[in-house]
Amino acid sequence: MKGFFSKLSQALMLPIALLPAAGIMLGIGGSFTNETMINAYQIDMLQNGTWLNSFLQIMTAAGGIVFANLPVMFALAIAVGFAKSEKGAAAIAALISFLVMNVAIAKTLVVGGLVEGGAVVLFGDTYNGLLTSTLGINGTLSMGVFGGIIAGAFTVILHNKYHDVKLPDYLGFFGGARFVPIVCAFSALFYGIALTFIWPFIGAVFGWVGGALGEMTASGHGYIASFIFGIIERSLIPIGLHHVFYLPLWQTDIGGIANIAGEAVKGTQNIFFASLASGDFSQFTSTNFMTGKFSFMMFGLPAAAYAMYTLADEENKSAAGGLLFSIALTAFLTGITEPIEFTFLFLAPALYYAIHVPLAGICFMLMDMLNVKVGMTFSGGFIDFALFGALPGMTGVQNNWYFIPAVGVVYAFVYFFAFRWFIIKFDVKTPGRKGSAVAVVSKQDYRNAKAGAGDTAMADAMIEALGGKENVVDVDACITRLRITVKDGSLVKENDHWTTNLGAKGLVKVGDTGIQAIYGAQAATYKAQINARLGQ
């Protein structure tokens, strides 16, 4: 099960990678077409009717279309991520499955007389807010990204079973990968009809959870939900399942429902960007499962990296500084914190779970209590903070963005002294300290090794550490990790070998066959190199 959810998390990274670009278009377009900002700063060139205003409105729409169609992107991503071969054919089959599923739902609702006054009536019960329009299909059920995941999952099952099917000679043209979209279309017809009678109950459960969170917020106790979210989200980082945890909150009813510009918007991330586009943040609650990341990602963890640098031995400070500065800058700018977190996670799990995780949970709670309303596309770095916090805040939006750097400065001191104390107290071998299990390798050392061993040396060394070519089943990558499936996990070398000899930040074994090697932004490059050597 861990291996499955790890693979699911990696597959979902494909559509998530689109969100920063879409969010930037929405952020710039929405902020600079905001009438309050234009009037406050008297910027005539941005007034409604000017060419620049028109262009920015187009930019806003271009960014919004990505968020509006995430369900179909999830369907494609699931198919591509899990298909064993013929991934392009799997993607086409997933698109067809998604379309047929939604058409089947919409038509079943109509011919069954299950819609009254804009609500779904099923077995005598009325369900409001379930109808939507997607890809031109009106009156289908609003299932959010779960609809895409369902269509993608059925597609993968059928694709992996029938992608190499052999038909009789007179039907040979329709064999193999061509057969998959056909069988997927017919299956989508039937599970689409079934979902018509099942999903309203599931949607009601999601609505109840979202309503409960809303009531907690209204009663002044929403910060409890924020604290719990922060604890769980950071705790799941080591096994790479945090995406699976937070995406339903960001994209479905569980994260709340708001009526913005006359439309029901579901999921905290969708609510934020709809609020940004409309300029109305009144319904974007502070219990949003996003804002709490900024202060500890931009300030806390870079301060922890600086604490590790100050404790490195003098002869290693230069090399350690280069490593720690680069990962600290990555965390500050982009919010990608795994390179820092995996620097100390395996060396001192207590430092991660007893200090870092609780501080993260408290940060979520503090942002909620201070009523800070800043969203993000992917993670809590300076880029998202500037576009979706500071910029709207300086143009008239009451989002209390200034509390993020204020709390961040305090967090920097807390992280710095807490990490220094813990490392000294328990003699943790962080980068650059004598006897460290985490190797510090200079760029020149890497160049020399590469020149002596050839361009494929690193890939070959990784394959060997995975137990050889025969032991490797599949190699993929998300933003920071190589995600590998092997036949026998006992043949894979342990964490120390990967960190000392192969430059990894850490190695996670998920079950008996799942392997995750943390490399930061280099993960995708290593994936391509390994697959090239494997002939995949």
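Residues numbered from 1 in each chain as written. Predicted model: local features only at pLDDT ≥ 70, side-chain atom pairs only at ≥ 80, totals over all residues. Heavy atoms only, no water.

Trainee: Teacher, can you tell me more about the overall build of the protein chain here?
Mentor: Along the backbone of the protein chain there are 21 helices and 11 strands. Taken across its 536 residues, the protein chain has 52% of its residues classed as buried. In the protein chain, 69% of the contacts between residues at least 6 apart in sequence involve partners at least 24 apart. As displayed, the protein chain offers around 23,000 Å² of accessible surface, 65% of which is attributable to carbon and sulfur atoms. (Helix = DSSP H or I, 4+ residues; strand = E, 2+ residues; numbered from the N terminus. Buried < 20%, exposed > 50% of the residue type's maximum accessible area, 1.4 Å probe, protein only. Contact = heavy atoms within 4.5 Å. Areas by Shrake-Rupley, 256 points an atom, 1.4 Å probe, with all protein chains shown as cover.)

Trainee: Explain the pairing of strand 10 (residues 506-510) to me, please; I cannot follow it from the model alone.
Mentor: Looking down a regular strand, the side chains alternate between one sheet face and the other. Among the five residues that make up strand 10, four are buried, leaving the element largely enclosed by the rest of the structure. Note: strand 10 against strand 11 (residues 514-518), five bridges, orientation antiparallel. Counted as the bridge partner of Leu-507 is Ala-517 from strand 11. Count of turn residues in the strand 10/strand 11 antiparallel hairpin: three residues, of which Gly-511 carries a positive phi of about 70°. (Pairing = 2+ DSSP bridges.)

Trainee: I keep staring at the sheet that holds strand 9 (residues 481-486) and nothing clicks. Help me out?
Mentor: Strand pairing in a sheet relies on backbone hydrogen bonds. The paired strands run either parallel or antiparallel. Read from one edge to the other, the open sheet built from four strands follows the order 8-9-11-10, with strand pairing classed as antiparallel. One side of each edge strand has no neighbouring strand; the edge strands of this open sheet are strand 8 (472-477) and strand 10. Ignoring which end each strand starts from, the neighbouring axes of this sheet average 20° apart. Where strand 9 meets strand 11, five bridges bridge the pair, whose relative direction is antiparallel. Bridging from a neighbouring strand, Leu-482 pairs with Ala-517 of strand 11. (Axes fitted to C-alpha atoms, helices over the stretch in contact; angles between N-to-C directions.)

Trainee: Whenever I open this one, the confidence of the model for the protein chain confuses me. Can you help?
Mentor: Do not read the fine detail of predicted coordinates wherever pLDDT is low. This prediction gives the protein chain a mean pLDDT of 82; 85% of its residues lie at or above 70. Put simply, helix 18 (residues 443-453) is where the protein chain has its lowest mean pLDDT, 45, and helix 17 (residues 403-425) is where it has its highest, 96. (pLDDT = per-residue confidence, 0-100.)

Trainee: Help me understand the packing of aromatic side chains in this model?
Mentor: The geometry of an aromatic ring pair is captured by the separation of the ring centres together with the interplanar angle, meaning the angle of the planes. By the definition in use, this model includes 29 aromatic pairs. Pairing Phe-332 with Phe-382 gives two aromatic rings, centres 5.5 Å apart and planes at 15°, and the pair type is stacked. Pair noted here: Phe-332 is in helix 13 (residues 317-334) and Phe-382 is in helix 16 (residues 382-394), with a separation of 50 residues, a long-range link. Looking at Phe-382, the relative accessible area reads 35%, which means it is partly exposed. Following the ring pairs from residue to residue traces out a cluster consisting of Phe-294, Phe-299, Phe-332, Phe-382, Phe-385, Trp-401, Tyr-402 and Phe-403. Over the aromatic face of Tyr-309 sits the side chain of Lys-317, whose NZ or CZ is 4.7 Å from the ring centroid. (Phe/Tyr/Trp six-rings, centres within 6.5 Å; stacked < 30°, edge-to-face > 60°. Lys NZ or Arg CZ within 6 Å of the ring centre and 35° of its normal.)

Trainee: What is the right way to look at the nonpolar core in this model?
Mentor: Of all hydrophobic cores here, the largest spans 99 residues; its most connected members are Met-101, Phe-296, Ile-340, Tyr-415 and Phe-419. The element best represented in this core is helix 12 (residues 293-310), accounting for 11 residues. Built from parts of two domains, this core gets at least three residues from each of domain 1 (1-116 + 139-205) and domain 2 (456-534). Filtering out sequence-adjacent residues up to four positions away, Ile-340 remains in contact with Leu-301, Pro-302, Ala-305, Met-308, Ile-327, Ala-328 and Ala-331. Counting residues in hydrophobic clusters, the runner-up holds 24 residues, among them Leu-482, Ala-504, Leu-507 and Tyr-519. (Core = buried A, V, L, I, M, F, W, Y, C linked by side-chain atoms within 4.5 Å. Domains from an automatic or database assignment.)

Trainee: Is there a simple way to explain the side chain of Asn-495 in this structure?
Mentor: The topology assignment puts Asn-495 in helix 20 (residues 495-501). Taking relative accessible area as the criterion, Asn-495 reaches 18% and is therefore assigned buried. A distance of 2.9 Å separates the side chain of Asn-495 from the backbone nitrogen of Leu-507, its partner in a polar contact. (Polar contact = N/O pair within 3.5 Å; in protein donor to acceptor, adjacent residues only side chain to side chain.)

Trainee: How should I be thinking about the sheet that holds strand 2 (residues 119-122) in this particular structure?
Mentor: Strand order in the open sheet formed by three strands is 1-2-3, with antiparallel pairing between adjacent strands. Whereas interior strands pair on both sides, the edge strands pair on one side only; in this sheet they are strand 1 (115-116) and strand 3 (125-127).

Trainee: Mind showing me how you'd approach the environment of Val-473 here?
Mentor: With respect to the element layout, Val-473 can be found in strand 8. Once the C-alpha coordinates of Val-473 and Thr-513 are considered, the two residues, 40 residues apart in sequence, prove to be 9.2 Å apart.

Trainee: Can you help me understand the pairing of strand 11 in this one?
Mentor: Among the five residues that make up strand 11, five are buried, leaving the element largely enclosed by the rest of the structure. Both faces of strand 11 are covered, namely the face carrying Gly-514, Gln-516 and Ile-518 and the face carrying Ile-515 and Ala-517.

Trainee: Can you walk me through unusual backbone geometry in this structure?
Mentor: With glycine set apart, most residues show a phi of negative sign, and most peptide bonds adopt trans. Non-glycine residue Leu-135 carries a positive phi angle of around 50°. You can see Leu-135 is positioned in the loop between strand 4 (131-134) and strand 5 (137-141). Phi angles above zero are rare outside glycine, and Asn-371 is one such case at about 60°. By secondary structure assignment, the location of Asn-371 is in the loop between helix 15 (349-369) and helix 16. According to the relative accessible area criterion, Asn-371 is partly exposed, its value standing at 35%.

Trainee: Quick question: what am I supposed to make of the packing of helix 12 against helix 17 here?
Mentor: Two quantities define a packed helix pair, namely the angle between the helix axes and the distance between the axes. With their axes 7 Å apart at the nearest point, helix 12 and helix 17 run at an angle of 30° to one another. With respect to each other, helix 12 and helix 17 are oriented roughly parallel. Crossing geometry of helix 12 relative to helix 17 is assigned as right-handed. Taken together, the residues of helix 17 that come into contact with helix 12 (itself represented by Phe-294, Ser-295, Phe-296, Phe-299, Gly-300, Leu-301, Ala-303, Ala-304, Tyr-306, Ala-307, Met-308 and Thr-310) are Ile-404, Pro-405, Val-407, Gly-408, Val-409, Tyr-411, Ala-412, Tyr-415, Phe-416, Phe-419, Arg-420 and Ile-423. (Parallel < 35°, antiparallel > 145°, perpendicular 65-115°, else oblique. Left-handed = near helix turned anticlockwise from the far one by under 90°.)

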